[in-house]
Amino acid sequence: MAEASPRARLVIALLLAFGIASVQGLAVLPWVIALAVAVVLACGHSRLVLRRMRGPAALALGLALVLPLISGGAVLAQLGPLTLRLEGLQAAALIAGRLLAIVAVTLALLAPLTPLQLVAGLRGLRLPALMSDLALLTLRYLDEVRTDLRRAQLARQLRGGRGGWHALPDHARLLATSLIRAQARSERLWAAMRLRGYGAGLAPPLAPLQARDWAAITGAAILACGVIWLDRIL
Amino acid sequence: MHLPDGIVPVDMALAGYAASAGLVALALHRIKALPDPQAEIPRVAMLTTVFFAASLIAVPVPPASVHLMLAGLMGVMLGWFALPAIMVGLFLQAMLFGHGGITALGLNGLILGAPALLAFGLWRQIGGRWPDVAAFLAGSGAVLAALALFAAIVLAGLPAVIDAGAERMALLVLIAAHLPLALAEGVIVMTLLRVLRRVEPRLVPHG
C-alpha cells in the first residue's frame, strides 16, 4: 500500500472507509481496529497519523463519556448521581471505534501525500477539471491568504479594535478587504494562466494504473468485503 | 459544524454522496452554460481560499468565539460556483485538518451546499430591492438552514438504542449554542456586502 499511486490511495481509502462505516455489531470492532492499525503500520508515518488524530480522538472521548450516561435501559453501575447504562456504552464504543478506525485509515493513506499529489489523484479519478483546478489553486494560495488575514486581525487588535459584538463590523470590513484583494489577484492569475496555455488542451494524458495499484485496490476491496461479511455472520 | 465519520449508517452516507453529486452536477451544468466558465475559475478559487481561510479563524462572539460558516456569503458571491467550491473546501478540510470525514463528505456537502443555494436564490430575488435585508437573511438563514439539516440527519442517523429524549435535548443545546453564530453571520454578511457594493460592485453580481 505504501507504494500505491495517489489515485489508488484515494480509491483504497474510500473502499476501506465505507467498509468500516458499514459495521453495525460490536463483535467485529476488534477486527476493524486491527485492520486500521495494520494499514497505519503498512503505510508508515504513524507519528503523523497520531498527531492528526488528536481532534477526532477528543470527539470519540466525548461520545464515550456522554452516551453511556444519557442513553440505554440496562443499568451497569451507579456513580453518585450518574447512571452508567449498557446500551449507551455499546453505542459509544461502536461509534467511537468506527470514527477512529476510518480517520486512522484515511490519514495513513492520504496524509503523506503532498497537496499536488492529492489533486493529481482526484484528477485521475475523473473529477471535473473545474473542481480539481479549484482545489489546486485553493491549496496554492491558502497559506498566504490565511497569514494575511491573521496579520490583519492582529493589526486590528494592536490598534485597539473593539471587542465583543462591536467587533463584528470590523471583521466584516477586514474580510471585504481580503475579498477585494483576492479579486485583483485573480485577474493577474488568469492572465498568467492564459499565457501558460491554460485551457488549450495541453494537459498531459493520464498515466494508467500500474499492476501494484490494481493489486492494492483489489486487496482493499477484499478487506472491505471481508469486514462487511464478518459483521453479518458474527 | 461538520458531521464526522462513523456517526450515521453507511446507507445514509451513500445517499448523501448521491444527493451532493446530483447538486454538483446541476451546478456544473448551469456553469457550463455561462459565456466563458474557465475565466471564472481563478476568481472563484481566490474567493474560495478567502472563505476557507476566514472559516479557520476564530471570531469573538460573546460569551465565546466561533468559526464562521460563510455558506450564505458563498452562495451570494459565487452563485452556482458555490457548490463545487464547498465540496472542494470540505474535502480539503477533511484531509488537511481532520474536520468532517471522507464518508460524511456527501452529507456535509448537502448541509452546507443546500443553504448556500437558498442564499443565492434569496439574494437574486430580493437583493436588488432590499440589499441589507437580503444580506442579513442570507447570512443568518444559511446558518439556521445548515443547523436544521444537521439536526435532521443526526436524528435520523444515530442508533435507535440512544434515548430519543436525550438525543433531542442534546440537539436543542447544540442549536441554542449556534444561535449567536447565526446572528453574527447575518451582521457580518450585511456589513461586508454593503462595503463591497460601494467599493467593488463586480464582486456582488446580482445586487
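Residues numbered from 1 in each chain as written. Chains lettered and ligands numbered in written order. Predicted model: local features only at pLDDT ≥ 70, side-chain atom pairs only at ≥ 80, totals over all residues.

**Re the overall build of chain B**
What counts, and what does not: Starting at the N terminus, helices and strands are each numbered in turn, a helix being any DSSP run of H or I of at least four residues and a strand any DSSP run of E of at least two. C-alpha atoms define the radius of gyration in this analysis, and the globule rule sets the expected value at 2.2 Å times the number of residues to the power 0.38. Around each residue's C-beta, the other C-beta atoms within 10 Å are counted; 20 or more make the residue buried, 12 or fewer make it exposed, and counts in between make it partly exposed. All C-beta atoms are placed from the backbone. The contact criterion used here is simple: two residues whose C-beta atoms, placed from the backbone, lie within 7 Å are in contact.
Counting secondary structure elements, chain B contains 7 helices and 2 strands. Secondary structure elements in chain B, listed N-terminal to C-terminal, are α-α-β-β-α-α-α-α-α. For 207 residues, the compact-globule formula gives about 17 Å, and the C-alpha radius of gyration of chain B, at 17 Å, lands near that figure. Taken along the three principal axes of its C-alpha coordinates, chain B extends 55 × 40 × 30 Å. Counting the 207 residues in chain B, one finds 55% classified as buried. In chain B, 72% of the contacts between residues at least 6 apart in sequence involve partners at least 24 apart.

**Points about the nonpolar core**
Rule in force here: For this analysis, nonpolar core means a set of buried Ala, Val, Leu, Ile, Met, Phe, Trp, Tyr and Cys residues linked through C-beta atoms within 7 Å. An automatic or database domain assignment provides the domain bounds reported here.
Counting residues in each nonpolar core, the largest one holds 148 residues, and the members touching the most others are A:Val105, B:Met74, B:Ala116 and B:Ala146. Of the residues forming this core, the biggest block, 17 residues, is contributed by helix H5 (residues 86-110) of chain A. Taken domain by domain, this core gets at least three of its residues from each of domain 1 (6-119 + 207-233) and domain 2 (128-195) of chain A. What A:Val105 contacts, discounting residues up to four positions off in sequence, is A:Ala13, A:Leu16, A:Ala17, A:Ile20, A:Ala36 and A:Val39.

**A short note on helix H9 (residues 211-233) of chain A**
Cut-off, in case you're wondering: Multiplying one less than the number of residues by 1.5 Å gives the expected span of a helix.
Taking 1.5 Å of rise per residue, 23 residues should cover 33 Å, and H9(A) covers 33 Å from first to last C-alpha, within 8% of that figure. Here the buried face of H9(A) lies against helix H1 (6-21) and helix H2 (29-43) of chain A.

**Structural notes on the packing of helix H6 (residues 115-124) of chain A against helix H7 (residues 129-158) of chain A**
All names here are of chain A. To keep it simple, the criterion reads: Each axis is a line fitted through C-alpha atoms, taken for helices only over the stretch in contact, and angles between the N-to-C directions span 0 to 180 degrees. Any angle from 65 to 115 degrees is called roughly perpendicular, while one under 35 is roughly parallel, one over 145 is roughly antiparallel, and all others are oblique.
Where H6 contacts H7, the two axes come as close as 9 Å, and the packing angle between them is 175°. Relative to H7, H6 is oriented roughly antiparallel. Along its contact with H6, which presents Pro115, Val119, Leu122 and Arg123, the element H7 presents Ser132, Ala135, Leu136 and Leu139.

**A closer look at the confidence of the model for chain B**
As a reminder, the rule being used: For every residue, the predictor assigns a confidence score, pLDDT, that lies between 0 and 100.
Of all residues in chain B, 95% have pLDDT values of 70 or greater, and the mean over the chain is 87. With a pTM of 0.88, the predicted complex shows an ipTM of 0.85.

**A few points about the packing of helix H2 (residues 37-56) of chain B against helix H3 (residues 71-78) of chain B**
Two quantities define a packed helix pair, namely the angle between the axes and the distance from one axis to the other. Residue and element names in this part refer to chain B. What counts here: By definition, any crossing whose near helix is turned counterclockwise from its far helix by less than a right angle is left-handed, and any crossing with a clockwise turn is right-handed. When residues are sorted by character, Ala, Val, Leu, Ile, Met, Phe, Trp, Tyr, Cys and Pro go into the nonpolar class, Asp, Glu, Lys and Arg into the charged class, and all the rest, Gly among them, into the polar class.
For the pair H2 and H3, the least separation of the axes is 11 Å and the interaxial angle reads 165°. For the element pair H2 / H3, the angle class is roughly antiparallel. Between H2 and H3 the crossing geometry is right-handed. For the pair formed by H2 and H3, the contact residues are Val44, Leu47 and Phe51 on the first element and Leu73, Met74, Met77 and Leu78 on the second. Tallied by class, the residues present in the contact of H2 with H3 amount to 7 nonpolar, no polar and no charged.

**Observations regarding the interface of chain A and chain B**
Taken together, the contacts link 62 residues of chain A with 53 residues of chain B. Elements that contribute at least two residues to the side of chain A that touches chain B include exactly H1, helix H4 (54-70), H5, H7 and helix H8 (167-195) of chain A. The greatest single-element share of the side of chain A that touches chain B, amounting to 18 residues, is contributed by H8(A). Of the residues contributing to the side of chain A that touches chain B, the split by class is 40 nonpolar, 14 polar and 8 charged.

**With respect to the pairing of strand E2 (residues 82-85) of chain A**
All names here are of chain A. Which entries qualify depends on this criterion: When DSSP finds two or more bridges between a pair of strands, those strands are recorded as paired.
Sheet topology note: the strand E1 (residues 75-79)/E2 ladder contains 4 bridges and is antiparallel. Within E2, the residue paired with valine 75 across the bridge is arginine 85. Count of turn residues in the E1/E2 antiparallel hairpin: 2 residues, of which glycine 80 carries a positive phi of about 65°.

**Looking at unusual backbone geometry**
Of note, the phi angle at A:His45 is positive, near 55°, even though the residue is not glycine. Relative to the elements of secondary structure, A:His45 occurs in the loop between H2 and helix H3 (46-52). Look at B:Leu70: it is not a glycine, yet its phi comes out positive at around 65°. Tracing the chain through its elements places B:Leu70 in the loop between strand E2 (64-67) and H3.

**Some points on the environment of A:Ala120**
All names here are of chain A. Positionally, alanine 120 belongs in helix H6. Judged by the 18 C-beta atoms lying within 10 Å of it, alanine 120 is partly exposed. As a C-alpha pair, alanine 120 and aspartate 133 span 13 residues in sequence and 10.0 Å in three-dimensional space.

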